[in-house]
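# Structural characterization, general
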Amino acid sequence: MIKLFIFDLDGVLASTSEEHFTAWKEVIKDKFNLDVEDFVEEKTKGVSRIESLNRILETYDLEVSKSVKEDLANIKNEKYKELISAFNENNLFEGVKELFEFLKKENILIALGSASKNGPSLIDRMKIKKYFDFVVDPGPLKSKPHPDIFNEAMNHFNLKPNECIGIEDAISGVKAIKKAKMIAIGIGNKDVLKQADYIYESISKIDYSFLETLIKDNYE
Ligand code: BG6
Ligand code: MG
């Protein structure tokens, strides 16, 4: 029996994975006069701010000192915050509120398992804070694909992996859910999120009767 759903935020509940990448592209263009290519986006999804930067720098064989890295990460965050400054409940992806309402009706707990330190303020701004029974603080935890964020939510409620479902749009996130031994629902492209147990193009495409069966099944 499933008791907890753990949601990623960026790219699952709202388009903010795009704003994260746009901010990085601007930072790298300003600093190195380099156009970060689209294929790099997937590498930056789901991982912490500094790890995203490390992955971009690595892709282009760029080396900078620790303090320059910190500066770039701070500038990126300022740009990101600017890009989402007008975000409100209209920026929620279609079907998100309906899914939360459905889960509440089924007595399922809801947790936020985002790597983003901007997550709490964003859910507040998008008026969905009230649906969350727990919000994981990613600060002290290891970045996805490490399972820490998902385990933290599970442990908060004293649950077992087979009582939890994780929902993710990033390869690193799906890997983290699988390492936590939970069911993984991937949101996005099925050719990319191969490791997920079930994949939907978007939250609005999730089949509720299937979800009902999934919730009530017993997994050992
Ligand atoms: C994840 C994004 O949700 O949050 C990553 O997919 C981002 O791209 C990470 O790096 C950290 O976000 P923030 O807001 O703490 O910089
Ligand atoms: Mg995401």
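Residues numbered from 1 in each chain as written. Chains lettered and ligands numbered in written order. Predicted model: local features only at pLDDT ≥ 70, side-chain atom pairs only at ≥ 80, totals over all residues. Heavy atoms only, no water.

Glancing now at the nonpolar core. Counting residues in hydrophobic clusters, the biggest one holds 37 residues, and the most contacted among them are Phe5, Phe7 and Leu13. The set of elements that each furnish at least two residues to this core consists of β1 (4-7), α5 (96-105), β2 (109-112), α6 (119-125), β4 (164-168), β5 (183-187) and α9 (208-216). Element by element, the count of residues in this core is highest for α5, at five residues. For leucine 13, the residues in contact, after removing those within four places along its chain, are Phe7, Asp8, Asn91, Leu92, Phe93, Val96, Phe100, Leu112, Ile128 and Phe132. Listed in part, the 22 residues of the second largest apolar core include Ala111, Ala115, Ile149 and Ala196. (Core = buried A, V, L, I, M, F, W, Y, C linked by side-chain atoms within 4.5 Å. Buried < 20%, exposed > 50% of the residue type's maximum accessible area, 1.4 Å probe, protein only. Helix = DSSP H or I, 4+ residues; strand = E, 2+ residues; numbered from the N terminus. Contact = heavy atoms within 4.5 Å.)

Of note, the bond from lysine 144 into proline 145 is cis; its omega dihedral lies within 30 degrees of zero at 15°. Looking at the secondary structure, you find proline 145 in the loop between β3 (134-135) and α7 (148-156). With a phi angle near 50°, aspartate 61 is a residue other than glycine that sits in the positive phi range. Its place among the elements puts aspartate 61 in the loop between α3 (49-59) and α4 (66-83).

Evaluated as defined, the whole model comprises 16 salt bridges. The salt bridge involving aspartate 133 is made with lysine 104; its shortest N-O contact spans 2.9 Å. Of this pair, aspartate 133 sits in the loop between α6 and β3 while lysine 104 sits in helix α5, placing them 29 residues apart in sequence. (Salt bridge = Lys/Arg side-chain N within 4 Å of Asp/Glu carboxyl O.)

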